[in-house]
Amino acid sequence: MKKRAGKILSVLLALTVTVCLFTGSAYAVFAQDDTQRDYTITSPYDNVDWDTWKQYKTSVHNHTDASDAEPSIAESVKRHYDDGFQILCITDHAVVGAPWDVPPQTVPLYRLFKFENTHMRTPVVLTSEERAAIIAGTYESTARDAIAEARGEQLGGMLEITGGAEANGATPINDCHINTFGVKDVQAKMGIYGDYETVVRQTKKEGGICFLNHLGEYVGGYPDSFDRISHPYYANKFANIFLDYDCCVAMEVNRGVSDPTYWDTYLWDEVNCLTIPKGRVVNGILSSDGHHVDQYDRAFSMFIMPEKTEEAWRECLKNGCNFNIARYSGTDIDPSFDGSGNMPPEVHRVTVDNENDTISFEGARFDNVRWVSDGKLIAEGTDVTSLDLNEYGDDIGCYVRFMITGEGGILYSQPFKVTADGADYSSTVYKTFDMGMVFRSMSDLFDWTIGITPVALLLKLLLWGRIWI
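Since this is a predicted model, take the numbers as computed values, not measurements.

Student: Mind laying out the overall build of the protein, listing which residues take part and the relevant values?
Tutor: Scanning the protein from terminus to terminus reveals 14 helices and 21 strands. Out of the 469 residues in the protein, the part that is buried amounts to 55%. Across the protein, every contact between residues at least 6 apart in sequence was considered, and the portion connecting residues at least 24 apart equals 70%. Of the roughly 20,200 Å² of accessible surface on the protein, 55% is carried by carbon and sulfur atoms.

In C-alpha cells:
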C-alpha cells in the first residue's frame, strides 16, 4: 500500500513539474510537506540606511518639443521643479539630452510627426542663471515650497541628469521604445518594430544603462486582449533580454495613464517568474512619459540614496533601490481610481527578518496593502504591513512584492527574491524569433549601400538633422 501511494505521489509530482515547464513559469518543488519552511528573503533595500538616506522624487522618462511634446525644455524643467521633483532626466525621442541651458541636437522628422505639439519651434532652453538657481534650489517656486511643507523636509535643488534618450525613435504599429543613458549611437536613429535587442546591445557596447518602456503598449494589451498579452512569447522575449544583458536594468510597470489599457504590471510579474529562478531579479521603474506639463506628476519614482549625486542616482537605477508611484491604477485596481492632486503614499522603512521569515514596512498616507507573489494576490488589508511567509505556504513563489494605495496613488515595491530550503526552483525560457531583427538587418544593409549615396545622405540631413553611415 505504501509503495502504491509513493508511486502515485511520484506521478503527481512529475506531472506538476511537466506542467510548469510547459508553461515556462517558475515553480518550487518541496522535498517534504512542511508548512514551517526555512525561507531566505533577499531584499532590494538591504543596503539602505533608513536613518540617514533620503528619498528623492525622480523623473527619468518625459518629453519636450525637442522631439514630439508640447512644452519647451525651459517649461519642462520649471514645471518639474514646481511639482517637487528632485532629480530630472529629459529623454526626448532619439535626442540625447544636453544641459538645460544648451539646445540639444534635434531630429526634424520626429518633430514634424507631432507638428500639433511642436509647430517646429526653435527649442527654448533655460538661461544659465535659471539653470544654476534650479540646481541650487534657490529658484523661487510657491508650489515647490508647499510640497516641501507637506513632505516635512527641504527638497533642495533639482539634480540635472544629461545623456538620456528614448531610443528607437518612431516605430510603426506599436512603440517598442527603450530609455538609454550614456548612449550616443541612438541619436536620430529610426526604430524597427519589435527590435529592442539592437539598442540594448549598443547600450552594453557603450557602457551605458537602459530600461524597457511601456511594454504593455508594445504588446497592444487592451482590456479585451488578455489572450494576446498572456501569450508566453512576450514574457520570454523580454526575459531573454534581461538574462542576456545586465545593462538593461528595469522595465516600466505603470506609467500612470488614466485609460487602463496597459498590462505593464502583468508582464513584470510574468518576466520575473522566468528570470528569478535563473538568478536575475527584474526591477520596476516608473515615470510619466509626459508630453504635456500637466502629465509630469502622474507617475514617478522615489530614489533612495545616501546623497543626491549623479553617481548615486546611477547606482540606484542599476540596483532598483526605489519605490514607484502611479496616480492612476492601470489594470491593478479599480480603473476609475484617480490619485492626482494628493500627496502620494510613502514607505519610510523596510525590515526583513530572515530568522522569522517576515517582511514588514512602515509608511504613511495609505489605506490598503496588497501582497503579490508570482503574479497572484496572496494577502490584502488595511493594516497588513507585515507578511509572515509561513502563513501562506504554497502561495509563496520565487518572489513577493507589495503595493500600497492611498488618496495620492499607488506605491509599488521592488520584488523580494524568496527561496526555501528543500525546494527546487526552476523555469524554462525559450528563445524567440522576431521579424524585427530581420527588418533591422535590412535597414543596416540599406545604410551601408544605398544609404551612402548623395541623395540618401541629403535626405538624412534634411529629415533627421544628421548624417550617419
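What follows picks up the thread again.
Student: Tell me about the sheet that holds strand β17 (residues 386–388), residues and numbers included.
Tutor: Through backbone hydrogen bonds, the strands of a sheet pair up, either in parallel or in antiparallel fashion. With respect to topology, three strands assemble into an open sheet ordered β13-β14-β17, the strand pairing being antiparallel. For this open sheet the edge positions go to β13 (346–353) and β17, each flanked by a neighbour on one side alone. Adjacent strand axes in the sheet meet at a mean angle of 15 degrees, parallel and antiparallel pairs treated alike. Judged from the seven bridges that link them, β13 and strand β14 (residues 358–364) form a sheet pairing that is antiparallel. When the sheet's bridge partners are listed, Asp353 is paired in β14 with Thr358.

Student: Quick rundown of the side chain of Thr265? Include the residues and the values.
Tutor: The residue Thr265 is located in helix α11 (residues 264–275) in this model. For Thr265, the side chain forms a polar contact with the main-chain oxygen of Val253, separated by 2.6 Å.

Student: Now, about helix α14 (residues 454–464): what can you tell me, with residues and values included?
Tutor: For α14, every residue scored as buried is listed here: Ala456, Lys460 and Trp464. One side of α14 carries all its buried residues, which in axial view fall inside an arc of 45 degrees. Relative to its buried face, α14 has exposed residues pointing more than 90 degrees away, namely Pro454, Val455 and Leu462. Tucked into the core, α14 has its buried residues touching α3 (108–113) and α13 (435–448). Phi turns positive, to about 75 degrees, at Gly465, one or two residues after α14.

Student: How would you sum up the sheet that holds strand β10 (residues 283–285)? Please name residues and give values.
Tutor: Read from one edge of the open sheet, five strands run β6-β7-β8-β9-β10, paired in mixed fashion. Strands at the two margins of the open sheet, each flanked by one partner only, are β6 (164–167) and β10. For this sheet, the mean angle separating the axes of adjacent strands, direction not counted, is 30 degrees. Across three bridges, strand β8 (residues 209–212) lies against strand β9 (residues 248–252) in parallel orientation. Pairing of Cys210 across the sheet is with Cys248, part of β9. The strands that helix α10 (residues 232–244) touches are β8 and β9; relative to β9, the one it contacts most, it runs at about 150 degrees. Against the sheet, α11 touches β9 and β10, its axis set at about 140 degrees to β9.

Student: Give a detailed account of the nonpolar core, specifying residues and quantitative values.
Tutor: Membership of the largest hydrophobic core comes to 67 residues, with the highest contact counts inside it found for Trp371 and Phe402. Broken down by element, this core gets its largest block of residues, five residues, from strand β11 (residues 299–305). Ignoring anything within four residues of it in the chain, the contact list for Phe402 reads Phe323, Val347, Val350, Phe361, Arg370, Trp371, Leu411, Tyr412, Ser413 and Phe416. Within the second largest apolar cluster, 41 residues are counted, among which are Leu212, Val219, Leu286 and Tyr412.

What counts, and at which threshold
Residue positions are given per chain, counting from 1 as you read along its sequence in written order. Where local features are concerned, this predicted model is filtered to residues with pLDDT of at least 70; where side-chain atom pairs are given and counted, the filter is 80 or more; whole-chain, interface and lining totals use all residues. The side-chain values count all of the structure's non-hydrogen atoms but skip hydrogen atoms and water molecules. Strands here are runs of E lasting at least two residues and helices are runs of H or I lasting at least four, both read from the DSSP assignment and numbered beginning at the N terminus. Note on classification: 1.4 Å probe, protein chains only; a residue is buried when its accessible area is under 20% of the maximum for its type, exposed when over 50%, partly exposed between these limits. By definition, residues are in contact when any of their heavy atoms lie within 4.5 Å. Using a 1.4 Å probe, the Shrake-Rupley method yields the accessible areas, and only the shown protein chains count as cover for residues. Whether two strands pair depends on DSSP finding at least two bridges between them. Every angle, taken between N-to-C directions, lies between 0 and 180 degrees, and every axis is a line fitted to C-alpha atoms, over only the stretch in contact when it is a helix. Pairs of N or O atoms within 3.5 Å make up the polar contacts considered here, provided that, within protein, one atom can donate a hydrogen while the other can accept it, and that residues adjacent in sequence are counted only when both atoms are side-chain atoms. For this quantity, the arc is that covered by the directions from the helix axis to the C-beta atoms. To form a nonpolar core, buried Ala, Val, Leu, Ile, Met, Phe, Trp, Tyr and Cys residues must be joined to one another through side-chain atoms within 4.5 Å.

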